[in-house]
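# Structural description and commentary
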Amino acid sequence: MEGREVPVPALATEPQFAQRLREHLEEEQLLDGRYRLQEVPGGRVALPVLEEKLSQLRLPPEMPCGLVRIQDPVPSRAARRQTPAQKLRDELRRLLGESWSEELERDVPRAWQRHGDLVLLSEDSFRAALWEKLGTVLWEMVASALGARRLARRGRILPDGMRSPSVTLLLGQDSWVEHVDNGIRYTFDVTKCMFSPGNITEKLRVASLPCSGEVLVDLYAGIGYFTLPYLVHAAAAFAHACEWNGHAVEALRRNLALNGVQDRCRVHHGDSRQLELRNVADRVNLGLIPSSEEGWPVACRVLKGTGGVLHIHHNVETLPAPAPPQTPVLRAERGSPEGAGSDGEVQHPTEDSGKETLVARIRPEWQRWAEATAARIRGLLAELHGQPWRTSILHIEAVKSYAPHVHHLVLDLECRPALPA
């Protein structure tokens with residue numbers, strides 16, 4: 001990073017605004033984490049921003065700042081460490097010598113997922129023709145640099161309605177892997193099933209819910225992302241796990257056995273919209289994005305006649321707007337009435353960084369979505385049972401952002417029959 005010929009763009013502001021500006025840039029994924037905040041002339045401080053995202057820069061008017069160029073930026077502490085990604089690039093430079101080029105540099109991965117001794121590379125890594133000529137020599141070097149025995153590369157998600165991965169095994173013979181999250185063991189075929197590390201905060205939250213003695217229906221179980229935390233940690237008495245992808249069902253059955261809870265779960269292989277269960281659930285998990293709306297009628301049918309709680313996942317778009325000086329806390333009190341990785345290894349997606357600042361305030365769009373959903377569910381329940389129901393917003397959880405201004409939310413909605421007047 002020394003001797004840069006092109007100065008790094010940065011936003012200079014007064015010291016008292018620096019923290020708010022940092023939070024805004026992190027949320028919008030514009031902050032350049034390779035460099036530190038540093039002082040600039042005039043008593044101001046400057047936060048480096050990504051050159052390629054300058055055109056996306058939209059700042060609230062109450063953040064006074066100006067664009068400057070820093071000739072000699074100071075590397076961040078993380079950037080000064082020799083990361084596995086840097087070690088890998090150094091090894092490849094030595095291997096290729098004069099054949100090294102900017103094109104090859106762009107092909108070297110800067111992030112990956114690790115599942116036991118298998119590293120899953122991103123789809124845009126090692127695409128240049130030269131890499132293919134190196135063959136096994138390349139993959140063995142990459143595996144050694146990243147501390148892995150097996151390598152795979154992710155492709156585009158297949159348009160088969162099941163979000164099946166397109167993954168190529170580059171080194172090794174067996175594509176089944178094991179991943180441990182919060183003491184729960186997951187095994188799956190990395191070429192057939194996806195594992196979403198970005199949902200770890202929601203899995204931890206689910207694990208802490210008081211579900212002792214309850215029956216859960218998980219309408220989109222996958223390999224057991226949420227079914228297992230409910231059974232293993234939240235102490236649900238029994239679970240009905242619905243999944244239509246046969247590869248995921250195979251992994252789900254293995255995972256139930258791995259964690260010793262197979263006797264407390266019934267797997268329903270097929271389209272959850274055709275589920276014949278009725279009046280069994282104290283709690284229903286609808287973990288499908290961008291929307292679980294097609295599952296709402298099913299959730300209402302499987303809910304017990306005495307009611308229960310729905311956990312409704314949805315992607316909600318938030319329009320950019322100036323942040324008010326003080327805003328309500330996102331996490332509503334329970335029972336409130338209706339209307340209330342630095343080394344290159346991606347254990348959690350980068351959009352989860354700065355999550356505390358992301359959820360520090362409620363967004364009007366989130367509240368409007370929650371209220372509209374509560375009203376829709378209330379109507380479905382009344383139509384199903386022929387009597388009024390009430391719905392109460394217990395909690396709105398921001399899991400992560402998928403893109404600027406698009407957030408994965410979970411609404412905890414309590415549903416109960418209305419008492420006679």
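Right, let's talk about helix α12 (residues 364–385) for a bit. Since the α-helix turns once every 3.6 residues, residues separated by three or four places project in the same direction. The end-to-end C-alpha distance of α12 is 32 Å, a good match for the 32 Å that 22 residues give at a rise of 1.5 Å each. Directly beyond the C-terminal end of α12, a positive phi value near 70° is found at G386.

We now examine the sheet that holds strand β6 (residues 118–121). An order of β5-β6-β7-β8 is seen for the four strands of this open sheet, with the pairing classed as mixed. The sheet is open, and its two borders are formed by β5 (112–115) and β8 (167–171), each paired with just one other strand. Each strand axis lies, on average, 25° off the axis of its neighbour in the sheet, ignoring direction. Bridge analysis of β6 against strand β7 (residues 150–154) gives four bridges, and the strand direction is parallel. Bridge pairing in β7 places V119 opposite L151.

Take the pairing of strand β11 (residues 215–218) next. Of the two faces of β11, both are covered, the one formed by V215 and V217 as well as the one formed by L216 and D218. One ladder, built from four bridges, connects β11 with strand β12 (residues 238–243); its direction is parallel. Pairing of D218 across the sheet is with A241, part of β12. Considered for its hand, the β-α-β crossover made up of β11, helix α8 (residues 227–232) and β12 is right-handed. In this structure, β11 lies alongside strand β14 (residues 283–286), joined through three bridges in parallel fashion. Among the inter-strand pairings, L216 is bridged to a residue of β14, identified as R283.

Let us now look at the packing of aromatic side chains. In the structure shown here, the tally under the stated rule is three aromatic pairs. Relative to W131, the ring of W100 has its centre 6.5 Å away and its plane inclined at 70°; by these criteria the two rings are edge-to-face. In this pair, W100 is assigned in the loop between α3 (84–96) and α4 (102–107) and W131 in helix α5 (residues 129–134), connecting sequence segments 31 residues apart. Residues W100 and W131 agree in their burial class; the two are buried. Consider the rings of F126 and W131, whose centres lie 5.0 Å apart with planes at 90°: the pair is edge-to-face. Of the two residues examined, F126 and W131, each falls in the buried class. Members of the aromatic cluster, joined through ring pairs, are W100, F126, W131 and W139.

Here the amide bond leading from I289 into P290 is cis, since omega sits at 10°, within 30 degrees of zero. Following the sequence through the fold, P290 ends up in the loop between β14 and α10 (296–302). Unusually for a residue other than glycine, A235 sits at a positive phi of about 65°. Tracing the chain through its elements places A235 in the loop between α8 and β12. With a relative accessible area of 36%, A235 lands in the partly exposed category. Despite not being glycine, N279 shows a phi value in the positive range, around 55°.

Thresholds, definitions, all that
- Residues numbered from 1 in each chain as written.
- Predicted model: local features only at pLDDT ≥ 70, side-chain atom pairs only at ≥ 80, totals over all residues.
- Heavy atoms only, no water.
- Helix = DSSP H or I, 4+ residues; strand = E, 2+ residues; numbered from the N terminus.
- Expected span 1.5 Å × (residues − 1).
- Pairing = 2+ DSSP bridges.
- Axes fitted to C-alpha atoms, helices over the stretch in contact; angles between N-to-C directions.
- Buried < 20%, exposed > 50% of the residue type's maximum accessible area, 1.4 Å probe, protein only.
- Right-handed = clockwise from strand over helix to strand, strands pointing away.
- Phe/Tyr/Trp six-rings, centres within 6.5 Å; stacked < 30°, edge-to-face > 60°.

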